[in-house]
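This is what each chain is made of:
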Amino acid sequence: MVSGTVANGREQIVTQPPAPPGPPDDAWPTPDDATIIQRRETVVDPPGPVLPPPDRRIGAGMLLALGALALIAVGILIAYLLTHRDHKQNTTTVVVTTQPATTASVAAKVAVPDLTRMSFADAQTKLNGLGLVAKQVEVSSSQPAGTVVDQSPKSGADTAKGSTVTLSVARAQATTGATTTTTTTTPTTTAATTSTTTSPAPPTHPANATMPDVQGQTEQAAVTALNKAGILASLVFVPGTDPLGTVVQQAKPSGTTLPFHSHVQINFSKGPNAQADVTVPNVIGQTLTQAVSTLNGANLRLIFVKIPVTSHTQAGKVVQQSPLASGTAPGNAQVLVFLGAFQTG
């Protein structure tokens, strides 16, 4: 091989000896050559692609699937339990509500008012307004006849609506007239005594009565005012917008002079929401307690006034009533009865 270089401005030609011939192509490699070849292959060969292990990828997917299935199963189980629990509760509720309620559990309680010193009629009206039933028991008393002197249950006691309150009412005292005994002494006899008994005087009453004004009054107030005036009320119930038992018309104007114990028709309102008419039962000859029970059984109430009678068999018994037996009155209306009070004459 010839190459030229310039040194000191001169070209120099240097002749290099040819390279020694290499080993033949088919010569066996030496151990050193093998090492170089192996090392070259290791360095030269590119690394293969790094892939995740197939088993690990498949295992994670299965775990996710199993987890999802487990969550679905738990959700189904919870939904079933909730549905089953609600069904049992609904069933229990239905069973409870279909059980008939006992009277003791649903009956409303009311406080019994103080009824002593009231007339039985007023006490009965007050009890009826509270949904209670009045029962009369006549007793001997120094108080005026017809006055409530005791009651059971006592005032302030709580009792269920529809219960009976027993009222002890002062019994009417019979009038027997005055008896006079006169003793005289004459000088011709030792002791001559003469007894004289006078006959009882018949009860007196005025010949006439004056009609009072009862327009707009309640039934109890109207019949009481008429009775004091010596007039007997005949009750008739007519359609009206006023409350049940309110006077809407009187047959005779106030100030009219009438014979004592005349009957005068008084029209009472059936009320704006009148109940259906019922047939008035016959209570003539019954005691006051019996009459109350009879009328209550017909969905009617009772008020009473006393009227003089001269027969012991009529004393304490109903001798008249209004409306008459077999007549009609709206449900819950008051029927007027005239209770016999014994007087001699």
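First things first, this report covers the structure right here in the doc.

Rules used in this analysis
Residues numbered from 1 in each chain as written. Predicted model: local features only at pLDDT ≥ 70, side-chain atom pairs only at ≥ 80, totals over all residues. Heavy atoms only, no water. Helix = DSSP H or I, 4+ residues; strand = E, 2+ residues; numbered from the N terminus. Buried < 20%, exposed > 50% of the residue type's maximum accessible area, 1.4 Å probe, protein only. Polar contact = N/O pair within 3.5 Å; in protein donor to acceptor, adjacent residues only side chain to side chain. Contact = heavy atoms within 4.5 Å. Pairing = 2+ DSSP bridges. Axes fitted to C-alpha atoms, helices over the stretch in contact; angles between N-to-C directions. Phe/Tyr/Trp six-rings, centres within 6.5 Å; stacked < 30°, edge-to-face > 60°. Arc of directions from axis to C-beta.

### A look at unusual backbone geometry
- For the bond running from serine 152 to proline 153, omega is 5°, close enough to zero to count as cis.
- Mapped onto the fold, proline 153 is located in the loop between strand E5 (148-152) and strand E6 (158-160).
- A cis amide bond, omega 0°, links serine 322 with the succeeding residue proline 323.
- Inspection of the secondary structure puts proline 323 in the loop between strand E15 (318-322) and strand E16 (328-330).
- Backbone geometry places asparagine 299, a non-glycine residue, at a positive phi of 65°.
- Relative to the elements of secondary structure, asparagine 299 occurs in the loop between helix H6 (288-297) and strand E14 (301-309).
- Here asparagine 299 falls in the partly exposed class, since its relative accessible area comes to 38%.
- For asparagine 332, which is not glycine, the phi dihedral falls at a positive 75°.
- Mapped onto the elements, asparagine 332 comes out in the loop between E16 and strand E17 (334-342).

### Some points on the side chain of serine 322
- In this structure, serine 322 sits in strand E15.
- Polar contacts involving the side chain of serine 322 include one to the main-chain amide nitrogen of leucine 235, which spans 2.7 Å.
- In this structure serine 322 touches Ala233, Ser234, Leu235, Val335 and Leu336, once residues within four positions along its chain are discounted.

### Re the sheet that holds E15
- The strand order across the open sheet formed by 3 strands is E14-E17-E15, and the pairing between neighbours is mixed. In this open sheet, the two strands that pair with only one neighbour each are E14 and E15. Averaged over all adjacent pairs, the angle separating strand axes in this sheet is 25°, with direction ignored.
- The sheet contact formed by E15 and E17 spans 4 bridges and is antiparallel. Counted as the bridge partner of serine 322 is leucine 336 from E17.
- Packed on one face of the sheet, helix H4 (residues 120-129) meets E14 and E17 and runs near 175° to E14.
- Strand contacts of H6: E14, E15 and E17, with the helix running at about 150° to E14, the strand carrying the most contacts.

### Focus: the packing of aromatic side chains
- With the rule as written, the count across this model stands at 2 aromatic pairs.
- Seen from their ring centres, phenylalanine 120 and phenylalanine 304 are 5.9 Å apart, and the 45° between their planes marks the pair as tilted. Residue phenylalanine 120 is located in helix H4, and its partner phenylalanine 304 is located in strand E14; the two are separated by 184 residues in the primary sequence. The same class applies to phenylalanine 120 and to phenylalanine 304, which are both buried.
- Aromatic side chains phenylalanine 237 and phenylalanine 268 sit 6.1 Å apart centroid to centroid with 40° between the ring planes, which places their arrangement in the tilted category. Residue phenylalanine 237 is found in strand E9 (residues 231-238), and its partner phenylalanine 268 is found in strand E12 (residues 262-269); the two are separated by 31 residues along the sequence. The same class applies to phenylalanine 237 as to phenylalanine 268, namely buried.

### Quick notes on H6
- Those residues of H6 lying buried are Leu288, Ala291, Val292 and Leu295. End-on, the buried residues of H6 take up no more than an arc of 100°, which puts them together on one face. Looking at H6, the residues exposed on the side facing more than 90 degrees away from the buried face are Ser293 and Gly297.
- Taken together, the buried residues of H6 touch H4, strand E4 (133-139), E14, E15 and E17.
- Looking one or two places after H6, you find asparagine 299, whose phi comes out positive at around 65°.

Nothing here speaks to function; it is geometry throughout.
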